[in-house]
Amino acid sequence: MLSNKFLFWVALNLFFGPLSANAQDTSRAVTLFNNVRIFDGRSPALSVPSNVLIRGNIIERISGEPIAVDRSADARIIDGGGRTLMPGLSDMHWHAMLVRPTPATVLGSDIGYTNLLAGAEATATLMRGFTTVRDMGGPSFGLKRAIDEGALSGPRIYPSGAVITITSGHGDFRPLSDLPRTLGGMRSRIEQLGGAMIADSPDEVRLRVREQLMQGASQIKLTAGGGVASPFSPLDVSTFTEAELRAAVEAAENWGTYVATHAYMPASIRRSIAAGVKVIEHGHLMDEATARLMAERGTWLSTQPFLDLSPAAALGPQEQEKMRQVVTGTDRVYMLAKKYNIKTAFGTDILFSRALAERQGQMLASMSRWYSPAEALIMATSKNGELLGLSGQRNPYPGKLGVVEEGALADLLVVNGNPAGSIGLVAEPDRNLVVIMKDGKLYKNTMSKPN
Ligand SMILES: [Zn+2]
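The notes below deal with the structure included here. Quick caveat, the model's predicted, so the values are computed rather than measured. (Residues numbered from 1 in each chain as written. Predicted model: local features only at pLDDT ≥ 70, side-chain atom pairs only at ≥ 80, totals over all residues. Heavy atoms only, no water.)

Right, let's talk about the overall build of the chain for a bit. Within the chain, the regular secondary structure consists of 16 helices and 18 strands. Compactness check: the chain gives a C-alpha radius of gyration of 23 Å against a globular reference of 22 Å for 451 residues, within 12% of the reference. Looking at the chain residue by residue over its 451 residues, the buried ones come to 54%. Long-range pairs, those at least 24 residues apart, make up 70% of the contacts in the chain between residues at least 6 apart in sequence. For the chain, the accessible area works out to roughly 18900 Å², and carbon and sulfur atoms hold 54% of it. For the chain, the centre of its 46 positive side-chain charges and the centre of its 43 negative side-chain charges are spaced 3 Å apart. (Helix = DSSP H or I, 4+ residues; strand = E, 2+ residues; numbered from the N terminus. Rg over C-alpha atoms; globule rule 2.2 N^0.38 Å. Buried < 20%, exposed > 50% of the residue type's maximum accessible area, 1.4 Å probe, protein only. Contact = heavy atoms within 4.5 Å. Areas by Shrake-Rupley, 256 points an atom, 1.4 Å probe, with all protein chains shown as cover. Lys, Arg positive; Asp, Glu negative; His and termini not counted. Charge placed at Lys NZ, Arg CZ, Asp CG, Glu CD.)

With that out of the way, let us pick up the pattern of salt bridges. In total, this model carries 21 salt bridges according to the counting rule given. Among the salt bridges present, the one from arginine 246 reaches glutamate 242, with a minimum N-O distance of 2.4 Å. Here arginine 246 pairs with glutamate 242, and both are found in helix 8 (residues 242–254), just four residues apart, close to one helical turn. Of the residues examined, arginine 246 reaches a relative accessible area of 34% and is grouped as partly exposed. Through salt bridges with shared partners, a single ionic network connects Arg42, Lys400 and Glu405. (Salt bridge = Lys/Arg side-chain N within 4 Å of Asp/Glu carboxyl O.)

Time to look at helix 7 (residues 202–214). Helix length check: helix 7, at 13 residues, gives a terminal C-alpha distance of 18 Å against a target of 18 Å (1.5 Å per residue), a fit within 8%. Within the sequence span of helix 7, burial applies to Val205, Arg208, Val209, Gln212 and Leu213. Taken around the axis of helix 7, the buried residues stretch over an arc of 140 degrees, which confines them to a single face. Of the exposed residues in helix 7, those oriented more than 90 degrees away from the buried face are Asp203 and Met214. If you follow the buried residues of helix 7, they end up packed against helix 5 (141–148), strand 9 (163–165), strand 10 (196–198), strand 11 (220–223) and helix 8. (Expected span 1.5 Å × (residues − 1). Arc of directions from axis to C-beta.)

Another aspect to go through is the coordination of the zinc ion. Protein-derived coordination of the zinc ion comes from His93 (NE2), His95 (NE2) and Asp349 (OD), at a distance range of 2.0 to 2.6 Å. Along the chain, the residues that donate to the zinc ion are spaced as H-x1-H-x253-D. Residue histidine 95 is located in the loop between strand 6 (89–94) and helix 3 (103–108), and its partner aspartate 349 is located in the loop between strand 15 (344–346) and helix 13 (354–357); the two are separated by 254 residues in the primary sequence. When sorted by exposure, histidine 95 lands in the same class as aspartate 349, which is buried. (Donors = N, O, S within 2.8 Å, 3.2 Å for Na, K, Ca; no water.)

The first and last C-alpha atoms of helix 11 (residues 317–328) sit 17 Å apart over twelve residues, in line with the 16 Å expected at 1.5 Å per residue. Listing the buried residues of helix 11 in full gives Glu319, Lys322, Met323, Val326 and Val327. The buried residues of helix 11 all sit within an arc of 140 degrees when viewed along its axis, so they share a single face. Exposed residues pointing more than 90 degrees away from the buried face of helix 11 are listed as Pro317, Gln318 and Thr328.

Aromatic ring pairs are reported here in terms of the distance separating the ring centres and the angle at which the planes meet. Going through the model one piece at a time under the given rule, you end up with three aromatic pairs. Seen in terms of ring centroids, tyrosine 158 and tyrosine 397 are 5.5 Å apart; in terms of plane orientation they differ by 65 degrees. Their pairing is edge-to-face. Residue tyrosine 158 is found in strand 8 (residues 156–159), and its partner tyrosine 397 is found in the loop between helix 15 (373–388) and strand 16 (412–415); the two are separated by 239 residues along the sequence. Of the two residues, tyrosine 158 and tyrosine 397, neither departs from the other in class, the shared state being buried. Ring centres of tyrosine 334 and tyrosine 371 lie 5.9 Å apart, and the angle between their planes is 90 degrees; this geometry places the pair in the edge-to-face category. Of this pair, tyrosine 334 sits in helix 12 (residues 330–339) while tyrosine 371 sits in the loop between helix 14 (360–365) and helix 15, placing them 37 residues apart in sequence. When its relative accessible area of 10% is taken as the criterion, tyrosine 371 is described as buried. One aromatic cluster is present, built from ring pairs that chain together Tyr334, Trp370 and Tyr371. The positively charged end of arginine 156 is found above the aromatic ring belonging to tyrosine 397, 5.1 Å away from the centroid. (Phe/Tyr/Trp six-rings, centres within 6.5 Å; stacked < 30°, edge-to-face > 60°. Lys NZ or Arg CZ within 6 Å of the ring centre and 35° of its normal.)

For the rest of this paragraph, the subject is unusual backbone geometry. For the bond from leucine 179 to proline 180, the omega torsion is -5 degrees, close enough to zero to count as cis. Backbone geometry at serine 168 places phi at a positive 80 degrees, although glycine is not the residue there.

A word on the pairing of strand 7 (residues 130–135). Most of strand 7 is tucked away: six of the six residues are buried. In this fold, strand 7 hands off to helix 5, which returns the chain to strand 8; that crossover is right-handed. (Right-handed = clockwise from strand over helix to strand, strands pointing away.)

Before going further, it helps to examine the nonpolar core. With 62 residues, the main nonpolar core has Leu89, Ile220, Leu222, Leu364, Met367 and Leu377 as its most contacted residues. Ala96, Val99, Ala122 and Leu143 belong to the second largest nonpolar core, which has 28 residues in total. (Core = buried A, V, L, I, M, F, W, Y, C linked by side-chain atoms within 4.5 Å.)

The next thing to look at is the environment of arginine 37. Assignment of secondary structure puts arginine 37 in strand 1 (residues 30–38). The exposure class of arginine 37 is partly exposed, given its relative accessible area of 34%. Remark: the alpha-carbon pair of arginine 37 and serine 47, spanning ten residues in sequence, is separated by 5.2 Å. The residues contacting arginine 37, other than those within four sequence positions of it, are Leu46, Ser47, Val48, Pro49, Gly82, Arg83, Thr84 and Leu85. Only 3.0 Å separates the side chain of arginine 37 from the backbone oxygen of serine 47, close enough to count as a polar contact. (Polar contact = N/O pair within 3.5 Å; in protein donor to acceptor, adjacent residues only side chain to side chain.)

Before going further, it helps to examine empty space enclosed by the protein. For the structure shown, the criterion picks out two cavities of 30 Å³ or more. Its boundaries defined by the atoms lining it, the largest cavity holds a volume of some 460 Å³. Lining the largest cavity are 34 residues, and of these Leu98, His170, Phe173, Leu351 and Phe352 lie nearest its centre. Of all the elements in the fold, those that place two or more residues in the lining of the largest cavity are helix 3, helix 4 (111–127) and helix 6 (189–193). It is helix 3 that contributes the most residues to the lining of the largest cavity, three residues altogether. (1 Å grid on protein atoms, 1.4 Å probe; cavity = no way out; pocket = protein on both sides within 12 Å on 5 of 7 lines; lining within 4 Å. Points joined across faces, edges and corners; volume = space filled by probe spheres on them.)

This is how it looks when you write it as structure tokens:
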């Protein structure tokens, strides 16, 4: 027979939520970092030795003076020993669902398998110190939800959902045997998976954009020009018409957010800007006049340090040739970005290989070819954080990201050494990142045991 006590407990749980969850509630948990020098994400110089108090998921207090905490509370004290405390890193061009599998694997496999690979990779991404990724295409809504709910560890995800493309555009992975398409007929495999949607008129664009927003997209991604990995998408082709791009921009802006376009060439970049696109992804083959236009309009450049053909290693000779063309533009795009002071974000666009993914921090370190270590780190923290703010009303994590300051979200790393002087430290996260915190929760701490 059930005791009254038990029934009372059941009633409490029904009305106030599970009691066991309350016992593990981390919303008021306190972490105090003592004796750290702060790289705040904005200034190249480290702070004087400081103490930083985290309560819940917020940086509550930063002080040169000792900060008292109630040791009887759920408090953890980490002695930084003079190490560097910095914001978590972010990657503005990521494809959480496509980091490990090749396109052929994604197209030919059960979505469950793809999700499990993506989950494992999300954990690995966080353990490299990347606490936020902006997902620029792929069915990452479920992964994001599972991470946010704590079912597995991974970075914050700003999802775009399916990439929206045209027939034959970048993202149209159909074999020629699927042509001609029957209007209103079955969706292609990549569309069924939610990886890409094909739209060939302003009305179809509006429909597909709104579907992504309905699923929780924080921004919208269109491919305005050809791409490396798609079989029938030459780099020189501008795909959507201006009217089609504008239809997407209107639909996104009605939802309080923005459109980013994949574009390498001046023509596709210019058409995007004319239609009201806020962020250009890649831009490697742009010219002076286009760079000047981006600077004038305040258009963001979300580009990547592609230095060799390895991103296309898993693909065919035709795709490798396109990759070679893109790589020839890498020096130039960073040179133009600096010359015209274009708002520039850091990302990697790592695809199709677990081994390449392990080079995420190395790609950040490679930015020292064009930027000082501090400039590169500022880009991968506070500048990226500024770009994330463009999601406006659709920002899934309102609050400040990419900075160490009072009131900001507590995504933090503790580094052995000073990465603003030696950026190579971020290329070896296993060894050099001794603490990884996201949303106030510790995912790695080799500094101290819990109190
Ligand atoms: Zn991409």
